[in-house]
Amino acid sequence: MTTLTDTPPAGPALPARVSPLQGMRQSMTLAWRTVVQVRHNPWELGDFSIQPIMFVLLFTFMFGGAIMGDWQSYLTFMLPGMVVMNMLFVSLYVGQGLNTDLTKGVFDRLRSLPVARWAPLAGRILADQVKQAWSIVLVLGVGLILGFRIGTGLAGLLGAVALLLVFALAFSWVAVVVGLLAPDPERVQIYGMTALFPLTFVSNIFVPVQTLPGWLQGLVSVNPVSILADASRGLMVTGAQAGPIIATLIWAAAITTVFAPLSAWVFKRRV
Amino acid sequence: MNHAIRAEGLVKRFGTTTALDGVDFTVDAGTVLGLLGPNGAGKTTAVRVLSTLLHPDAGHATVGGYDVVRDAHRVRQLIGLTGQYAAVDESLTGRENLLLIGRLLGSSRAQSRHRARELLDQFGLTDAGDRAVKTYSGGMRRRLDLAASLVAHPSMLYLDEPTTGLDPRARTELWTLIRSLVSGGVTVLLTTQYLDEADALADDIVVIDHGRVIASGTPDELKAKLGSQTLSVRPEDETHLPLVASVVGELADHAPDLDGQRVTAPVTDPAVLPAVVRRLDDSGVVLTELALRNSSLDEVFLSLTGRPADETEQTSTERMLS
Ligand SMILES: Nc1ncnc2c1ncn2[C@@H]1O[C@H](COP(=O)(O)OP(=O)(O)OP(=O)(O)O)[C@@H](O)[C@H]1O
Ligand SMILES: [Mg+2]
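All figures in this text were calculated on a predicted structure; none of them were measured in a lab.

Thresholds, definitions, all that
Residues numbered from 1 in each chain as written. Chains lettered and ligands numbered in written order. Predicted model: local features only at pLDDT ≥ 70, side-chain atom pairs only at ≥ 80, totals over all residues. Heavy atoms only, no water. Donors = N, O, S within 2.8 Å, 3.2 Å for Na, K, Ca; no water. Helix = DSSP H or I, 4+ residues; strand = E, 2+ residues; numbered from the N terminus. Buried < 20%, exposed > 50% of the residue type's maximum accessible area, 1.4 Å probe, protein only. UniProt positions renumbered as here; feature names shortened; annotations may be inferred. Polar contact = N/O pair within 3.5 Å; in protein donor to acceptor, adjacent residues only side chain to side chain. Axes fitted to C-alpha atoms, helices over the stretch in contact; angles between N-to-C directions. Parallel < 35°, antiparallel > 145°, perpendicular 65-115°, else oblique. Left-handed = near helix turned anticlockwise from the far one by under 90°. Contact = heavy atoms within 4.5 Å. pLDDT = per-residue confidence, 0-100. Near = heavy atom within 4 Å. Areas by Shrake-Rupley, 256 points an atom, 1.4 Å probe, with all protein chains shown as cover. Buried area = accessible area lost by both parts, 1.4 Å probe. Salt bridge = Lys/Arg side-chain N within 4 Å of Asp/Glu carboxyl O. Nonpolar A, V, L, I, M, F, W, Y, C, P; charged D, E, K, R; others polar. Phe/Tyr/Trp six-rings, centres within 6.5 Å; stacked < 30°, edge-to-face > 60°. Lys NZ or Arg CZ within 6 Å of the ring centre and 35° of its normal.

S.K.: Please explain the coordination of the magnesium ion (ligand 2) as it appears in this structure.
M.R.: Residue and element names in this part refer to chain B. Looking at the metal site, the magnesium ion (ligand 2) is ligated by Thr44 (OG1) and Gln84 (OE1), spaced 1.8 to 2.1 Å from it. You can see threonine 44 sitting in helix H1 (residues 43–50) and its partner glutamine 84 sitting in the loop between strand S6 (79–82) and helix H3 (94–104), a full 40 residues away along the chain. On the accessibility criterion, threonine 44 (25% relative accessible area) is partly exposed.

S.K.: Can you walk me through the UniProt feature "domain: ABC transmembrane type-2" (unreviewed entry) in chain A in this structure?
M.R.: What UniProt calls "domain: ABC transmembrane type-2" (unreviewed entry) maps, in this numbering, to residues 43–270 of chain A. In this annotation, residues 43–270 of chain A is assigned 85% helix and 0% strand; the end-to-end C-alpha distance for the span is 30 Å.

S.K.: Help me understand the side chain of B:His3 in this model?
M.R.: Tracing the backbone shows B:His3 in strand S1 (residues 3–14). Polar side-chain contacts of B:His3 include one of 2.9 Å to the side chain of B:Asp28.

S.K.: How should the packing of helix H3 (residues 71–104) of chain A against helix H7 (residues 185–201) of chain A be read in this particular structure?
M.R.: To characterise two packed helices, one gives the angle between the axes of the helices and the distance between these axes. Residue and element names in this part refer to chain A. With their axes 9 Å apart at the nearest point, H3 and H7 run at an angle of 160° to one another. With respect to H7, the axis of H3 lies roughly antiparallel. Crossing of H3 against H7: the hand is right-handed. Contact with H3, carried on its side by Met85, Leu88, Phe89, Leu92, Tyr93, Gly95, Gln96, Asn99, Thr100 and Thr103, involves Pro185, Val188, Gln189, Gly192, Met193, Leu196, Phe197, Thr200 and Phe201 of H7 and no other residues of that element.

S.K.: Explain the confidence of the model for chain A here, please?
M.R.: Atomic detail in the predicted coordinates should be set aside for any region of low pLDDT. Of the residues in chain A, 96% reach a pLDDT of 70 or more, and the chain-wide mean stands at 88. Predicted confidence for residues 1–5 of chain A stays below pLDDT 50, and this span has four contacts to residues more than four positions away or in other chains.

S.K.: What's the story with the site of ligand 1 in this structure? I'm lost.
M.R.: All names here are of chain B. If you check the shell around ligand 1, you find 14 residues, and the closest are Gly40, Lys43, Thr44, Thr45 and Gln84. The separation between an oxygen atom of ligand 1 and a polar main-chain atom of glycine 42 is 2.9 Å. Glutamine 193 is positioned such that a nitrogen or oxygen atom in its side chain is 3.2 Å from an oxygen atom of ligand 1. Protein chains shield 62% of the accessible area of ligand 1, which is 640 Å² for the free molecule.

S.K.: How should the interface of chain B and chain A be read in this particular structure?
M.R.: Accessible area lost on assembly of the parts is the figure often given for the size of an interface. Facing the 42 residues of chain B at the interface are 35 residues of chain A. Counting each side, the surface lost to burial between chain B and chain A is near 3,400 Å², with a carbon and sulfur contribution of 56%. Three residues stand out in chain B for area buried against chain A, namely B:His73, B:Arg76 and B:Leu104, and they jointly supply 20% of the buried area on that side. Seen at the junction of chain B and chain A, the total is four salt bridges. One salt bridge in this structure joins B:Arg48 and A:Asp108, with 2.4 Å as the shortest N-O distance. Listed by contribution, the elements that provide at least two residues to the side of chain B that touches chain A are S1, helix H2 (72–76), S6, H3 and helix H5 (138–150) of chain B. The greatest single-element share of the side of chain B that touches chain A, amounting to five residues, is contributed by H3(B). Classifying every residue of the side of chain B that touches chain A gives 16 nonpolar, 14 polar and 12 charged.

S.K.: How do you make sense of the packing of aromatic side chains when you look at a structure like this?
M.R.: Both the distance between ring centres and the angle between the ring planes are used here to describe each pair of aromatic rings. For the structure shown, the criterion picks out 11 aromatic pairs over all chains. Measuring from ring centre to ring centre gives 6.2 Å for A:Phe59 and A:Phe201, while their planes differ by 40°; the resulting arrangement is tilted. Remark: A:Phe201 occurs in helix H7 and A:Phe59 occurs in helix H2 (residues 42–68); sequence separation between them is 142 residues. Take A:Phe59: its relative accessible area is 10%, and that puts it in the buried class. For A:Phe201, a relative accessible area of 36% translates into the label partly exposed. Where A:Phe201 meets A:Phe206, the ring centres are 4.9 Å apart and the plane angle is 25°; that geometry is what we call stacked. One aromatic cluster is present, built from ring pairs that chain together A:Phe55, A:Phe59, A:Phe63, A:Phe89, A:Phe197, A:Phe201 and A:Phe206. Positioned above the aromatic ring of A:Phe77, the side-chain terminus of A:Arg233 is 4.2 Å from the ring centre. Between B:Arg171 and the ring centre of B:Tyr194, over which it is positioned, the NZ or CZ distance is 4.8 Å.

Structure (structure tokens):
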């Protein structure tokens, strides 16, 4: 075959790539979309609002007395960890939303547009951070109404929120991988829950680690969920401790290092 | 010659399946190419390669002169894609879907709103524009999906089976819309399983099967080559078969086939039927069966792949005369 070269159209050349600034704007637009979705389906907000409120109430009043003698002390002990647990469950929404876009073909449409390759994902994760902030405020708010008191002041509280959001960002990559692997959005929830229940319950969120059998203590103390719960307790109640905070940041970095490239790899195989 | 779209030796494999097995075709600017093929032929795969969603394993393709792999971002600035399944966000309203795309393309809020209104209007979705897409009918979704691919005023439009699942009225409406886009200068690559759709819309047709191009040409060329209808004649008296065959052979543009008791031949001109009747009548041949039926796509493929036409079924479009 002769090589007839088809010349690009005359006139101003089309830009060859997206600028980072444009990519950021596109991510914001896609994050806006997720927020609009929530506005249209307020029950989705209920999904991640009612459950944490119920959990706080159940654990405080059902188990508080049995575990710590009185529910007030238990509330102080458990609430920072409850925020952590809720954050992990909310991050599943990244995976679920991503999976919905993949199975409904919306992702193909987005990828056929001159949009930064990373914008759809960044938009999701960005919007998820809004949901995260909301759920943190909600759980803390319910706690405060019941009598939870911040023992450290505003700086501690903000530090705790910042640390939670950093960890949530890292954990989003895990949710992305689950979202890419699951065949449909419902399955994202099922797989996610199946992994998250043991992860959050085999931790020091609900019970002091000393009450556990020795072999389980070891397991619970290496669980990053325990470490983050410890760091949050420190920042909100007992005074910040460098150890768990640094360990949390290292875990966040490690999770990102493993799961971000993994998600890129899974993504290439899926589409 | 400047081709708007050019595919050369495209190969795409999925595991052991070869979805595209060296596909070549070109589309001239401002024309419609119909990519015709049965289920699993590779139509969607070809569209996905040309819209930068898939990298070909071999071969290359250019759109507007830009390579779909190396210059993917530029290609994306030229194309609009309406995939095989409506790709709209069900939880948003129709208007929000269009706004989202406008904003993603970098238009201002006001421009995006204006374009969304314009498109909703053009596609008869103004009343439904502020309803969530999950309340839309299949046809409305399809229209919104098409509208979404037009937000950027693309100069190339890919339509992957745009009318599958639409009722006949919605189908002709969509045809009208596609024609008006083409008259506005848009180049269209259309995939379809329906011969009549390709015939109605396409300037050129490429027939693919098992990832290979098995025929191409204008609709008229293909029809002349294949015959759009099949004439089937059965005389009462078997000894009349040679005579029937010679009459049919003379009037039809192709040599007739003799199978058992019947003479069949592809014909393009429906007037052949009365002519055959008259001639055989004059010769005193009594017929027990005389039928003219539309070639189904199956027959087109069968005749293209050189396998004998399947005799067992007669289609519902069959017209029996005796
Ligand atoms: N992602 C994929 N993974 C594995 N196989 C695939 C994938 N996409 C397509 N195929 C296979 O490639 C072949 C061509 O598929 P393609 O979707 O391109 O066909 P098509 O002509 O669009 O068919 P249809 O009319 O059913 O839409 C089929 O055998 C299909 O099973
Ligand atoms: Mg297809």
